[in-house]
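# Coordinates in review
Listed below, chain by chain, are the residues.
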Amino acid sequence: MTFARISGTGGYLPERVMTNHELETIVDTSDEWIRDRSGIRQRHIAADNETTSDMALSAAREALAAAKVEVADIDLIIVATTTPDRVFPSVACTVQRKLGIHDIPAFDIHAACSGFMFALDVANRFVKTGGASNVLVIGAEIYSRILDWSDRATCVLFGDGAGAVVLQAAEEAGIVSTHIHSNGKHEELLYVSGSVGDRGTERQSDAAFIKMRGNEIFRKAVAALGNIARETLAGNGITKSDLSWLVPHQANLRIISATAKKLCLPMERVVVTVDQHANTSSASIPLALDVAVRDGRIKRGDLLLFEAFGAGLTWGSALVKY
Ligand code: ACO
């Protein structure tokens, strides 16, 4: 039987750091409010000439180097993103071009902040069924371009960045299980306005901005993430104490702490980057993983739980033996 395992990780954050104090000069907010409500202290913001595919490429190159895999051996590229360079081609195809490889499948997955969970699920199925052996799975986002910088309820929460993993075929798991869910019923709680579908209609606008009912999303996120953690543990016949690390989507420290509490995991066993990166959507889990792998906290053999929640609504998890 073939399994998929993560053989290397990579990350990329734009050089420019925007602190909460800088945001105080843009909207009516305070460092204290942002830290208390979300745990965020700063975020990285892409330069004007940077694109999602540039960031994805940098993270991918780091992951390839860490995995010691040659570009020519990659046989599938999946990018999770909701902020592509253009409506089409996909970011994955642009990354493929920039890597100089051809004739392998490359496509994007769109599941908002849960995107990396959906991409990992699909990549895992490709590897397990023999469809691919060396897969680049990337999460990359440039939310600074879809933020309304006059809306304090959303502009303080997000940042830009990219994270990547190389998934390789192996004799042992690896990716132990993946779990993904969607529910379109609550799409009005979190969406981007002014998109291509509005062209030629009375809704037409030049600006695409995030609209969020934060409070309701918060409650739904806490409930869904608790449920999916239980589903993942029960599905694998393991208990909370078997987990080495929780690597959660980084939206809000209070959501992360609530999930950790349900799992009886002390915060020392939770990878937190939301303070430094803010919410980078699909990039947040692979970025957090990369940070904890590179600083030596996550080691080979550790049992990791990834989990994410986002617009759609979408939510997902993965149990991973690193
Ligand atoms: N600075 C100061 N005050 C603010 C700010 C700000 N930046 N933003 C909102 N406020 C005010 C509000 O106007 C409100 O004031 P009022 O009481 O006078 O009306 C007050 O602060 C409280 O606002 P709430 O929205 O109730 O604050 P809450 O405690 O819910 O925190 C937050 C808001 C941080 C957005 C939280 O709800 C949250 O994190 N939600 C989840 C976000 C999330 O997880 N998104 C999912 C992923 S994103 C994706 O998929 C793309």
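The model shown is predicted, which means the values in this text are computed figures rather than measured ones. Here the residue index of a chain counts from 1 through its sequence in written order. In view of the model being predicted, local features appear only for residues whose pLDDT reaches at least 70, and side-chain atom pairs are presented and counted only at 80 or more, with totals across whole chains, interfaces and linings using the full set of residues. With hydrogens and water set aside, each side-chain value is computed from the structure's full complement of heavy atoms.

## Quick notes on the domain arrangement of the protein
- Segmentation of the chain into domains, including their bounds, is taken from an automatic or database domain assignment. Under the domain assignment, the protein is made up of domain 1 (3-172) and domain 2 (176-321).
- Here domain 1 and domain 2 have C-alpha centroids that lie 14 Å from each other.
- The contact criterion used is simple: two residues touch if any of their non-hydrogen atoms lie within 4.5 Å. Between domain 1 and domain 2, the residue contacts involve 55 residues of the former and 46 residues of the latter.
- By definition, the buried area sums, over both parts, the 1.4 Å-probe accessible area that each loses when the two are put together. Between domain 1 and domain 2 the total buried area reaches about 3,700 Å² when both faces are included, carbon and sulfur atoms providing 62% of it.
- Of all residues in domain 1, the largest losses of buried area upon contact with domain 2 belong to Cys113, Met117 and Phe118, amounting jointly to 17% of the total for that side.

## A word on the environment of alanine 223
- Within the secondary structure layout, alanine 223 lies in helix H7 (residues 214-235).
- As a C-alpha pair, alanine 223 and threonine 259 span 36 residues in sequence and 8.9 Å in three-dimensional space. Helix and strand labels come from DSSP, where a helix needs a run of H or I of at least four residues and a strand needs a run of E of at least two; each type is numbered from the N terminus.

## Looking at unusual backbone geometry
- Omega for the peptide link from phenylalanine 88 to proline 89 comes to 5 degrees, which places this bond in the cis form.
- Among the secondary structure elements, proline 89 is positioned in the loop between strand E4 (76-80) and helix H4 (91-99).
- Of note, the bond from glycine 312 into leucine 313 is cis; its omega dihedral lies within 30 degrees of zero at -5 degrees.
- Here leucine 313 shows up in the loop between strand E12 (303-310) and strand E13 (314-321).
- The phi dihedral of cysteine 264 is positive, around 55 degrees, even though this residue is not glycine.
- Along the chain, cysteine 264 falls in the loop between helix H8 (253-262) and helix H9 (274-277).
- At serine 281, a residue that is not glycine, the phi angle is positive and equals roughly 55 degrees.
- Within the fold, serine 281 resides in the loop between H9 and helix H10 (284-294).

## A look at the site of the ligand
- When we say a residue is near a molecule or strand, we mean one of its heavy atoms is within 4 Å of it. Near the ligand lie 26 residues; those nearest to it are Thr29, Arg37, Cys113, Asn215 and Asn252.
- In this structure, arginine 152 approaches the ligand through a main-chain N or O atom, which is 2.9 Å from a nitrogen atom.
- In protein, a polar contact means a hydrogen-donor-capable atom and an acceptor-capable atom, both N or O and within 3.5 Å, with residues adjacent in sequence counting only if both atoms are side-chain atoms; elsewhere, any N or O pair within 3.5 Å suffices. In this structure, an oxygen atom belonging to the ligand sits 3.2 Å away from a side-chain N or O atom of arginine 254.
- Note that accessible areas follow from Shrake-Rupley with a 1.4 Å probe, and for residues the cover is restricted to the protein chains shown. Out of a free accessible area of 1,000 Å², the ligand has 74% covered by protein chains.
- Mapped by element, the contributors of at least two residues to the shell around the ligand are helix H2 (31-38), helix H6 (152-155), H7, H8 and E12.
- Element by element, the count of residues in the shell around the ligand is highest for H7, at four residues.

## A few points about the sheet that holds strand E11 (residues 245-248)
- Strand pairing is defined by DSSP finding a minimum of two bridges between the two strands. With mixed pairing, the four strands of this open sheet are ordered in space as E8-E13-E12-E11. Each having just a single partner strand, strand E8 (175-182) and E11 make up the two edges of the open sheet. Neighbour-to-neighbour, the strand axes of the sheet open up by a mean angle of 10 degrees, direction not taken into account.
- Alignment of E11 against E12, held across four bridges, turns out to be parallel. Following the sheet pairing, tryptophan 245 is matched in E12 by leucine 304.
- Helix axes use the C-alpha atoms of the stretch in contact, all axes being lines fitted to C-alpha atoms, and the angles between their N-to-C directions lie in the range 0 to 180 degrees. Lying over the sheet, H7 contacts E8, E12 and E13, oriented at roughly 150 degrees with respect to E12.

## As for the pairing of strand E5 (residues 106-109)
- Direction of pairing for E4 relative to E5: parallel, over a ladder of four bridges. Opposite valine 79, over in E5, you have aspartate 108 as the bridge partner.
- The path from the first strand over the helix to the second decides the hand: if it runs clockwise while the strands point away from the viewer, the crossover is right-handed. Chirality of the crossover, the property in question, places the unit of E4, H4 and E5 among those that are right-handed.

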